[in-house]
Amino acid sequence: MSPELAASAIHFLGMMLLIASFWILTSSQIGMSIRAYAAHSFLLALITAVIAVTNHVEHLLVPALLTLVLKTIVIPNVFFRIIRRLGIRKEVESYINIPFSLLLAVLLVFVSFYVTGDDKILKPVAFSEFIPLAISTVFFGMLMMTTRKKAINQVLGLLLIENGLFLMAITMTFGMPLLVEMGIFFDVLVAVMIMGIFVFKIRDAFESIDADDMTVLKG
Amino acid sequence: MTIDRVLWMPLIFAFLCLIPCPKRMTRLTFMTGAVLSAIGAWLFVFGTSWSPRVFAFNGNLMMDSLSAVFVLLITSVGVLSAVYAGGYLFKEGDSSISPLRLRRYAFFFHLFLFTMLLTVFSNNLGIMWIAIEGTTLASAFLVNVDDKKSSIEAAWKYLILCSVGIALALFGIILVYYSAIAQAVVGESGFLLNWTFLLSKAKQLDPQVLRLAFIFILVGYGTKAGLAPFHSWLPDAHSQAPAPVSALLSGVLLSCATLGILRFHILTTAATGSAFSGTLLILFGVLSVAVATPFILEQKDYKRLLAYSSVEHMGLAAVGLGFGGVLGIYAAILHIVNHAFTKSLLFFSSGHLLHLFQTKEIGKVKGIFRRNPFLGVVFFLGALAIAGMPPFSIFVSEFLILTAGFLAGKFLPCVILLVLLTLIFVGFLRHANRMTFGVPEGPPPIEEKSFLMDGVLGVGLIVIFAMGFYIPGPFQRLLLEAGRVAGGVIV
């Protein structure tokens, strides 16, 4: 792949990634957000692979492959299984409506570009435009965790944060050492499993999976 | 013994506990596992020359005097907690918890010990992160043993809040790695995250990036360590978990996260050559004590009271680390050790209290002394100790922390702390007084004696009393060395 082609491919993928982040945030149905998350992870895997090939850092291909397998296939499937067993067909419930979260998201993108603008502390090794993208993905995840009512959406928000951090690691340092990267993947997978189990426990005990029904503990 | 073997022990016993067999056998495996792991760890710590460091696993794991102190702490409280759980959860003839649940409990208990040991043995900061996230995942099921609404809520909050916190810490670690990789050849990346390597090259790391990283680490691991204002999961999880688990969470889990902060504190101070990270630690430490104070004074639930007291003491330890110098670090680590034993003793007695009074409300507990004189004595003395009454061990370390502060010329935080500690002392005494003395209401419940549970209380009381006067020689050397390792950098 010629450098020019690679550069424009990366730009294009970065743009798509941002669109996918918006998609996750604005989907009104849980199934759609999960598909959007799978798309987001797929783009992340592609970006990782392109960076690995063009910069000759072959060890990055392993996390790229793991992202492809775990985050685009395994984890979304776990989610689909959970919502099927829970019998949720319905929409995402949020404390703020979708147009407003879209507005907030746009603001967050501006903030991310502003805080990482030129001449700041970070001078990334690979592609500087990915730093604000990564930070806005982290912000989006946090927005999701704080505004969504359903426990399962909070888990999705957490995964989005993790995707953002992964992108950050890839573009700033060509990824963490392989051993650490594998460990993080393992942790994420176990976390999703355990949180999935707890979603069922919440459903059984509270007869809903609205996290805001959980108000027993105070003070 | 080697580091690997110390780590293998709890992992092997975790899986042994899963074997389906009668309750009594599971209990035996569970308790022997904790005791054997502890003996192994003690033999290793005192049998190897850990000075300056022992490496394993390509330098990814390491034991220095700092980790040695924490290994002793984890395994000692682990044994106490396992023996207590042997009497508390594995009661004979009690069918309230199914054998399957008990096996799962035993499994996660040992897994939890394993992840904590891995945390303190980590030299590679990335592995430390993985291990700390592992502690959250392993202990979530321990918090929720009975599937009650409140336990599920507590466990969920614990999982979500700590996972987000730890994600921020990962950002900090990426920043540290970035600053290291800027100095080195790409590709040779295996050892770049090793704490010892980073420390040896600290002067070449970008101080700006490390400052930024430390903020994220403080927020991330601070969530796990229970520093205010990130502590909101802590009172829920600690109050809903069964007594032996509360003791572990409060006594050692918080301490492990604090060790994580300390490692980065040392690194940041060495790289920036300034008191930046120390000042932040003092700030958040004092804030934690201040936030905990009103909740301690006005608390209605005795397990939450103990939980908020943990926020207070972790704050104090953070302040001690922030003051720095050999004395400050020594005092902070001693405080962490003393807090671990005292607080776990109190959480164990909260298990007794729950059996005896069937409630967690302070208002409904009266006359512990009349119902069970032994428990009354232990609980009252424990409360005095945690409030900072001499001659108990907590008093000694609090005194040393404040001395370090005055010596470092940090008068303002010391004065604020003195005022707050007095308030907390009064508050604790009032609660303890009301609960211990007086005439109990209602008919006494059926007395159920457990030799194991009472034994743990007795041992705990002796430890906190003795540590106030005399710290055993080898352990004292270890503490001093730990203070010197860290305090030599942080002046």
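Residues numbered from 1 in each chain as written. Chains lettered and ligands numbered in written order. Predicted model: local features only at pLDDT ≥ 70, side-chain atom pairs only at ≥ 80, totals over all residues. Heavy atoms only, no water.

1. Some words on the overall build of chain A
Inference 1: Scanning chain A for helices and strands turns up seven helices and zero strands.
Inference 2: Overall, chain A shows an N-to-C arrangement of helices and strands of α-α-α-α-α-α-α.
Inference 3: Its C-alpha radius of gyration of 18 Å places chain A within 12% of the 17 Å reference for a compact globule of 219 residues.
Inference 4: When the backbone C-alpha atoms are referred to their principal axes, chain A occupies close to 55 × 35 × 35 Å.
Inference 5: Residue burial in chain A is summarised as follows: out of 219 residues, 57% are buried.
Inference 6: Counting contacts in chain A only where the partners sit at least 6 residues apart, residues at least 24 apart contribute 76% of the total.
Inference 7: Counting only carbon and sulfur atoms, one obtains 68% of the accessible surface of chain A, whose full area is about 9400 Å².
Inference 8: Of note, chain A has its 15 positive side-chain charges centred 10 Å away from the centre of its 15 negative side-chain charges. (Helix = DSSP H or I, 4+ residues; strand = E, 2+ residues; numbered from the N terminus. Rg over C-alpha atoms; globule rule 2.2 N^0.38 Å. Buried < 20%, exposed > 50% of the residue type's maximum accessible area, 1.4 Å probe, protein only. Contact = heavy atoms within 4.5 Å. Areas by Shrake-Rupley, 256 points an atom, 1.4 Å probe, with all protein chains shown as cover. Lys, Arg positive; Asp, Glu negative; His and termini not counted. Charge placed at Lys NZ, Arg CZ, Asp CG, Glu CD.)

2. Here we look at the overall build of chain B
Inference 1: Counting its secondary structure elements, chain B contains 19 helices and two strands.
Inference 2: If one aligns the C-alpha atoms of chain B with their principal axes, the spans along those axes are about 70 × 55 × 45 Å.
Inference 3: For chain B, the residues scored as buried account for 66% of the 491 residues in total.
Inference 4: Put simply, of all contacts in chain B between residues at least 6 apart along the chain, 81% involve residues at least 24 apart.
Inference 5: Summed over all atoms, the accessible surface of chain B reaches about 16200 Å², with 71% contributed by carbon and sulfur.
Inference 6: In chain B, which carries 32 positive and 21 negative side-chain charges, the distance between the mean positions of the two groups comes to 2 Å.

3. Remarks on the interface of chain A and chain B
Inference 1: At the junction of the two partners, chain A supplies 43 residues and chain B supplies 50 residues.
Inference 2: Here chain A and chain B share one salt bridge between them.
Inference 3: Of the charged contacts in the structure, one is a salt bridge between Asp147(B) and Lys201(A), with a shortest N-O distance of 3.2 Å.
Inference 4: Between chain A and chain B we count two residue pairs in polar contact (both at pLDDT 80 or more) in total.
Inference 5: When residues of the side of chain A that touches chain B are traced back to their parent elements, those giving at least two are helix 5 (130–147), helix 6 (151–173) and helix 7 (178–206) of chain A.
Inference 6: When residues in the side of chain A that touches chain B are grouped by element, the largest group, 16 residues, is from helix 7 of chain A.
Inference 7: For the side of chain A that touches chain B, the residue count by class is 33 nonpolar, six polar and four charged. (Salt bridge = Lys/Arg side-chain N within 4 Å of Asp/Glu carboxyl O. Polar contact = N/O pair within 3.5 Å; in protein donor to acceptor, adjacent residues only side chain to side chain. Nonpolar A, V, L, I, M, F, W, Y, C, P; charged D, E, K, R; others polar.)

4. Considering the packing of helix 6 of chain A against helix 6 (residues 149–181) of chain B
Inference 1: Relative to each other, helix 6 of chain A and helix 6 of chain B sit at 5 degrees, their axes nearing to 10 Å. As far as their axial angle goes, helix 6 of chain B and helix 6 of chain A are roughly parallel. Of the residues in helix 6 of chain B, those in contact with Ala151(A), Gln154(A), Val155(A), Leu158(A), Ile161(A), Leu165(A), Met168(A), Ala169(A), Met172(A) and Thr173(A) of helix 6 of chain A are Trp156(B), Ile160(B), Ser163(B), Val164(B), Ala167(B), Leu170(B), Phe171(B), Ile174(B), Leu175(B), Tyr177(B), Tyr178(B) and Ile181(B).
Inference 2: When grouped by side-chain class, the residues that make up the contact of helix 6 of chain A with helix 6 of chain B number 19 nonpolar, three polar and no charged. (Axes fitted to C-alpha atoms, helices over the stretch in contact; angles between N-to-C directions. Parallel < 35°, antiparallel > 145°, perpendicular 65-115°, else oblique.)

5. Quick word on the environment of Tyr302(B)
Residues and elements named next belong to chain B.
Inference 1: Looking at where tyrosine 302 falls in the secondary structure, it is placed in helix 12 (residues 302–323).
Inference 2: On the basis of relative accessibility, which here comes to 2%, the residue tyrosine 302 falls in the buried class.
Inference 3: The spatial distance from the C-alpha of tyrosine 302 to the C-alpha of glutamate 361 is 6.3 Å, given a sequence separation of 59 residues.
Inference 4: Here the side chain of tyrosine 302 touches leucine 354 through a polar contact of 3.4 Å, landing on its backbone nitrogen.

6. Quick look at a nonpolar patch on the surface
Inference 1: Residues Val35(B), Leu36(B), Ile39(B), Trp42(B), Leu43(B) and Phe46(B) make up a contiguous nonpolar surface patch of about 520 Å² in total accessible area.
Inference 2: Looking at the secondary structure, you find Val35(B) in helix 2 (residues 23–47). (Patch = residues over 30% accessible without salt bridge, like charges linked within 9 Å, V, L, I, M, F, W, Y side chains within 5 Å.)

7. Focus on the nonpolar core
Residues and elements named next belong to chain B.
Inference 1: Of all hydrophobic cores here, the largest spans 277 residues; its most connected members are Phe30, Tyr105, Trp156 and Tyr221.
Inference 2: Ranked by residue count, the leading element in this core is helix 6, at 22 residues.
Inference 3: In contact with tyrosine 221, not counting residues within four places along its chain, are Leu125, Met128, Trp129, Ile132, Ile166, Ala169, Ile173, Ala257, Gly260, Ile261 and Phe264. (Core = buried A, V, L, I, M, F, W, Y, C linked by side-chain atoms within 4.5 Å.)

8. Some thoughts on helix 17 (residues 411–436) of chain B
Residues and elements named next belong to chain B.
Inference 1: Here helix 17 is 26 residues long and its end C-alpha atoms lie 37 Å apart, about the 38 Å a rise of 1.5 Å per residue gives.
Inference 2: Regarding helix 17, the residues found buried are Pro413, Cys414, Leu417, Leu420, Leu421, Ile424, Gly427, Phe428, His431, Ala432, Met435 and Thr436.
Inference 3: Buried-residue contacts for helix 17 involve helix 11 (276–297), helix 12, helix 13 (325–357), helix 14 (368–371), helix 15 (373–387) and helix 16 (393–407).
Inference 4: In the stretch just after helix 17, glycine 438 is the one whose phi turns positive, near 95 degrees. (Expected span 1.5 Å × (residues − 1).)

9. Describing the side chain of Ser246(B)
Residues and elements named next belong to chain B.
Inference 1: With respect to the helices and strands, the residue serine 246 is situated in helix 10 (residues 243–272).
Inference 2: Owing to a relative accessible area of 0%, serine 246 belongs among the buried residues under this scheme.
Inference 3: In this structure the side chain of serine 246 is engaged in a polar contact, spanning 2.9 Å, whose partner is the backbone oxygen of histidine 238.
Inference 4: Within the structure, serine 246 has its side chain in polar contact with the side chain of lysine 303 (distance 3.1 Å).
Inference 5: Sequence-distant contacts of serine 246, defined by excluding residues within four places in its chain, comprise His238, Ala241, Gly251, Lys303 and Phe347.

10. Overview of helix 6 of chain A
Inference 1: Helix length check: helix 6 of chain A, at 23 residues, gives a terminal C-alpha distance of 33 Å against a target of 33 Å (1.5 Å per residue), a fit within 8%.
Inference 2: Residue Phe174(A) follows helix 6 of chain A closely and has a positive phi angle near 55 degrees.

11. Examining the side chain of Ser37(B)
Residues and elements named next belong to chain B.
Inference 1: The topology assignment puts serine 37 in helix 2.
Inference 2: The buried category is assigned to serine 37, whose relative accessible area is 5%.
Inference 3: Excluding residues within four positions of it along the chain, serine 37 makes contact with Met9, Pro10, Phe13 and Thr75.

12. Details of the packing of aromatic side chains
The geometry of an aromatic ring pair is captured by the separation of the ring centres together with the interplanar angle, meaning the angle of the planes.
All names here are of chain B.
Inference 1: According to the stated counting rule, one finds 23 aromatic pairs over all chains in the structure shown.
Inference 2: Look at tyrosine 105 and phenylalanine 109: their rings are 6.0 Å apart centre to centre, the planes differ by 40 degrees, and that puts the pair in the tilted class. Here tyrosine 105 and its partner phenylalanine 109 are both found in helix 4 (residues 99–121), four residues apart, which amounts to about one turn of the helix. For the pair formed by tyrosine 105 and phenylalanine 109, the shared burial category is buried. (Phe/Tyr/Trp six-rings, centres within 6.5 Å; stacked < 30°, edge-to-face > 60°.)

13. What about the environment of Ala228(B)?
Residues and elements named next belong to chain B.
Inference 1: Mapped onto the elements of the fold, alanine 228 is located in the loop between helix 8 (207–225) and helix 9 (233–240).
Inference 2: With relative accessibility at 0%, the residue alanine 228 sits in the buried group.
Inference 3: Sequence separation of alanine 228 and glutamate 312 is 84 residues, and the distance between their C-alpha atoms is 9.0 Å.
Inference 4: Those residues within four positions of alanine 228 in sequence are excluded, and the remaining contacts are Phe284, Leu287, Ser288 and Val291.

14. A word on the environment of Ile152(B)
Inference 1: Relative to the helices and strands, Ile152(B) is located in helix 6.
Inference 2: In this structure, the C-alpha to C-alpha distance between Ile152(B) and Phe141(B), residues eleven residues apart in sequence, is 9.3 Å.

15. Description of the packing of helix 6 of chain B against helix 10 of chain B
All names here are of chain B.
Inference 1: Close contact between helix 6 and helix 10 brings their axes to 12 Å; oriented N to C, the two are set at 20 degrees. Between helix 6 and helix 10, the angle falls in the class roughly parallel. In this structure, helix 6 crosses over helix 10, and the sense of that crossing is left-handed. Residues Tyr158, Ile173 and Val176 of helix 6 touch helix 10, and the partners they reach there are Leu249, Leu253, Phe264 and Leu267.
Inference 2: Taken together, the residues of the contact of helix 6 with helix 10 sort by class into seven nonpolar, no polar and no charged. (Left-handed = near helix turned anticlockwise from the far one by under 90°.)

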